[in-house]
Amino acid sequence: MPRLREWLEIRIGLDELVRSQLTDYRVPKNINFFYTLGIVALAAFIFQAFTGILLMFYYIPDEKDAFQNILFIMNHVPYGWLFRLMHVVGANLMVAVVLVHMGSVFFLASYKKPRELTWVVGALLLLTVLGFTLSGYLLPWSQLSFWATTVVTDIPSAFPLVGDLICKILRGSENVSGITLNRFFALHVAFFPFLFSSLFALHVFLVRRIGISAPPLDSQEPEEWKQFHHEGHPDGPSFYPYFVSKEAFMVIIYLIVMFAIISLAPALFIPHDARIPADPLNTPEHIRPEWYFLAPYEMLKLIPNRFLGIALQLVLVVVFIFWPFMDKSQKTNILKRPLMMATFLVTIMVYIGLTIWGSH
Amino acid sequence: MQRRGFLKLLTSILGLSALGAFAYPLFRFLLPVEAALVTKNLSIPKGEVPVNTTKDLMFGSTPIIILDIPDKGYLAFSKVCTHLGCLVKFDKDRQEFICPCHAGTFDLEGNVVSGPPPRPLRKFAVRVENGNLVIG
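Note that the structure is a prediction, hence the values are computed from the model and not measured.

A. The arrangement of the overall build of chain A in detail. A tally of helices and strands in chain A yields 14 helices and zero strands. When the elements of chain A are put in sequence order from the N terminus, they spell out α-α-α-α-α-α-α-α-α-α-α-α-α-α. Against the 2.2 N^0.38 benchmark of 21 Å for 360 residues, chain A shows a C-alpha radius of gyration of 23 Å, consistent with a compact globule. Principal-axis analysis of the C-alpha atoms places the extent of chain A at approximately 65 × 55 × 40 Å. For chain A, the proportion of contacts with a sequence separation of at least 24, taken over those separated by at least 6, is 76%.

B. Representation of the pattern of salt bridges within the structure. One pass over the structure, following the stated rule, counts 15 salt bridges over all chains. D327(A) serves as the salt-bridge partner of R337(A), at 2.9 Å between the closest nitrogen and oxygen. With R337(A) in the loop between α13 (323-326) and α14 (338-359) and D327(A) in the loop between α13 and α14, this pair connects stretches of sequence that are ten residues apart. In this structure, E109(B) engages K72(B) in a salt bridge whose closest nitrogen and oxygen atoms are separated by 3.4 Å. Taken together, the residues span a long stretch of sequence, with E109(B) in the loop between β7 (105-106) and β8 (112-114) and K72(B) in the loop between β3 (62-69) and β4 (73-78) at a distance of 37 residues. Residue classification places E109(B) among the partly exposed positions, given a relative accessible area of 35%. On the basis of relative accessible area, K72(B) is assigned to the partly exposed category, the value being 42%. Counted as one network, the salt bridges with shared partners bring together K112(A), D327(A) and R337(A).

C. Fine view of the packing of helix α3 (residues 37-56) of chain A against helix α9 (residues 178-210) of chain A. All names here are of chain A. Here α3 crosses α9 at 155°, and the two axes come no closer than 12 Å. Relative to α9, the element α3 lies roughly antiparallel. For the crossing formed where α3 meets α9, the hand is left-handed. Packed against α3, whose contacting residues are G38, L42, F45 and M56, the element α9 presents F185, V189, P193, F196, S197 and F200 at the interface. Considering only residue class, the contact of α3 with α9 consists of eight nonpolar, two polar and no charged.

D. Layout of the state of the cysteines. All names here are of chain B. By the definition in use, this model includes one disulfide over all chains. Across a sulfur-sulfur distance of 2.0 Å, C86 and C101 are joined as a disulfide pair. The sign of the -95° torsion about the S-S bond sets the C86-C101 disulfide as left-handed. You can see C86 sitting in the loop between β4 and β5 (89-91) and its partner C101 sitting in the loop between β6 (96-98) and β7, a full 15 residues away along the chain. C81 takes part in no disulfide bond, and the closest cysteine sulfur, belonging to C99, lies 3.8 Å away. We classify C81 as buried; its relative accessible area is 3%.

E. Quick peek at the interface of chain A and chain B. The interface of chain A with chain B comprises 15 residues on the first partner and eleven residues on the second. Between chain A and chain B, roughly 1,100 Å² of surface is buried when both sides are summed, and carbon and sulfur atoms account for 85% of that area. Linking chain A to chain B there are two residue pairs in polar contact (both at pLDDT 80 or more). Among the secondary structure elements, those contributing two or more residues to the side of chain A that touches chain B are α3 and α5 (80-107) of chain A. By residue number, the principal contributor to the side of chain A that touches chain B is α5(A), which donates four residues. Looking at the side of chain A that touches chain B residue by residue, the class counts come to 13 nonpolar, two polar and no charged.

F. Structural context of the packing of α5(A) against helix α1 (residues 3-30) of chain B. Two numbers describe how α5(A) lies on α1(B): the axes approach to 9 Å, and their chain directions differ by 110°. Compared by their axis directions, α5(A) and α1(B) come out roughly perpendicular. Between α5(A), through G80(A), L82(A), F83(A) and M86(A), and α1(B), the contact on the second element is made entirely by F22(B), P25(B), L26(B) and F29(B). Class assignment for the residues of the contact of α5(A) with α1(B) results in seven nonpolar, one polar and no charged.

G. View of the environment of F293(A). Looking at the element boundaries, F293(A) is found in the loop between α10 (239-264) and α11 (294-302). C-alpha of F293(A) to C-alpha of I169(A): the two residues are 124 residues apart in sequence and 22 Å apart in space.

H. Fine view of the environment of K40(B). Residue and element names in this part refer to chain B. Mapped onto the secondary structure, K40 falls in the loop between α2 (34-37) and β1 (42-45). Each C-alpha atom of the pair K40 and F59 lies 9.0 Å from the other, and the pair is 19 residues apart in sequence. Discounting residues that sit within four places of it in the chain, K40 has contacts with F59, I135 and G136.

I. Structural view of a nonpolar patch on the surface. Where nonpolar side chains cluster on the molecular surface, the patch consists of M1(B), F6(B), L7(B), L9(B), L10(B), I13(B) and L14(B) and spans about 730 Å² of accessible area. Along the chain, L9(B) falls in helix α1.

Criteria and cut-off values
Residues numbered from 1 in each chain as written. Chains lettered and ligands numbered in written order. Predicted model: local features only at pLDDT ≥ 70, side-chain atom pairs only at ≥ 80, totals over all residues. Heavy atoms only, no water. Helix = DSSP H or I, 4+ residues; strand = E, 2+ residues; numbered from the N terminus. Rg over C-alpha atoms; globule rule 2.2 N^0.38 Å. Contact = heavy atoms within 4.5 Å. Salt bridge = Lys/Arg side-chain N within 4 Å of Asp/Glu carboxyl O. Buried < 20%, exposed > 50% of the residue type's maximum accessible area, 1.4 Å probe, protein only. Axes fitted to C-alpha atoms, helices over the stretch in contact; angles between N-to-C directions. Parallel < 35°, antiparallel > 145°, perpendicular 65-115°, else oblique. Left-handed = near helix turned anticlockwise from the far one by under 90°. Nonpolar A, V, L, I, M, F, W, Y, C, P; charged D, E, K, R; others polar. Disulfide = S-S within 2.5 Å. Buried area = accessible area lost by both parts, 1.4 Å probe. Polar contact = N/O pair within 3.5 Å; in protein donor to acceptor, adjacent residues only side chain to side chain. Patch = residues over 30% accessible without salt bridge, like charges linked within 9 Å, V, L, I, M, F, W, Y side chains within 5 Å. Areas by Shrake-Rupley, 256 points an atom, 1.4 Å probe, with all protein chains shown as cover.

Below, the structure is given as structure tokens:
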């Protein structure tokens, strides 16, 4: 090891790199566990990539074989059930982690100047994660995946002129078919991983370039940002080992939750209709999307005009992405901003309320 | 031992144990699945292999060749050359199996006659049952 270290030191200046990026890099002294969720999301992505590659060893994206492959993986491949459940449960946990991460960034006002771009890239990462889950949902070719994808890919058809065209491009045919399965498989294993990795690299670059924002709740309001400088925290603890150990602890918690679900409630994310092969001639009753899409799904049901419902959701997504450019206030402590606090709480309550409503 | 050293050791042991616990399932997952490989036997109508002819078939995932040789009866061999896995062809005139990749040759018992193959061809049992050839 010392020789390898010396070899790298001569070539890439390892010691200086470790010092500047890890041991001498300081994080805010009042940093809390919400700040570790970004790394937990990255760890979740790595676990998903790992288990996804393993599943590809046996999975064939073909309408005749896909469902039987899944059964084969679950019932015959040694520990196939383990890696598939890790992938299924991990997908749901990853969405939850990214949602909580975004919520905490919003609550702590970390999106404010100069970090607007970091927020925008983060919001695009959330949409990418949702794209991952949508494209992966069809792959088992079950009744649930087939009809949920039929509903989702039908959504763009509400728009005049280009709606039907978008719908056909997504499906690759008039209706969801084997061609759709191939398209979604390509998106799931080639396009979204590339997009996610690129956006994540940009996200981390922005976080490191600008500096980690200090939690505003027990500190003074920051001075106005007039020109670029790295926001350092010379009085804070080191990134390594102090913050990295916190991150590692949270990743372990993530794994404990994942394996607790796999052990105690393995069918939590695999409902009855997900265990029946797709039947293009028979729509099952009470088909519902995954829990994180229940709120928009219920909203679509409540708004009688389909175009209006979908257009409203698109507007909400755009507002969500560009929120830092709408909230111009200099104040970062949400506890001193009752209107913002109310907006935050009402949004969360509406989301949870619609999710519960949608699940019944 | 100091507290920091003890914690490092404990974390390393726990981490390696967790990784080790994953190693076995991963190894088993990557091994070929027996259920997919095991083909107990294969049955085809006897008339599909007339005397002095051959027929190529898949036995599970293994390509095999069946022959009906007047003095020897029905024979079945794996077509996979034991040298580097190319598929052998039956030469009717020479009454030998020849590998097109490196010219390895095998006789009608599957034994190596010449060339680099290290082992004979894998032989399958063939029996006649109710007008069918049962292989395996």
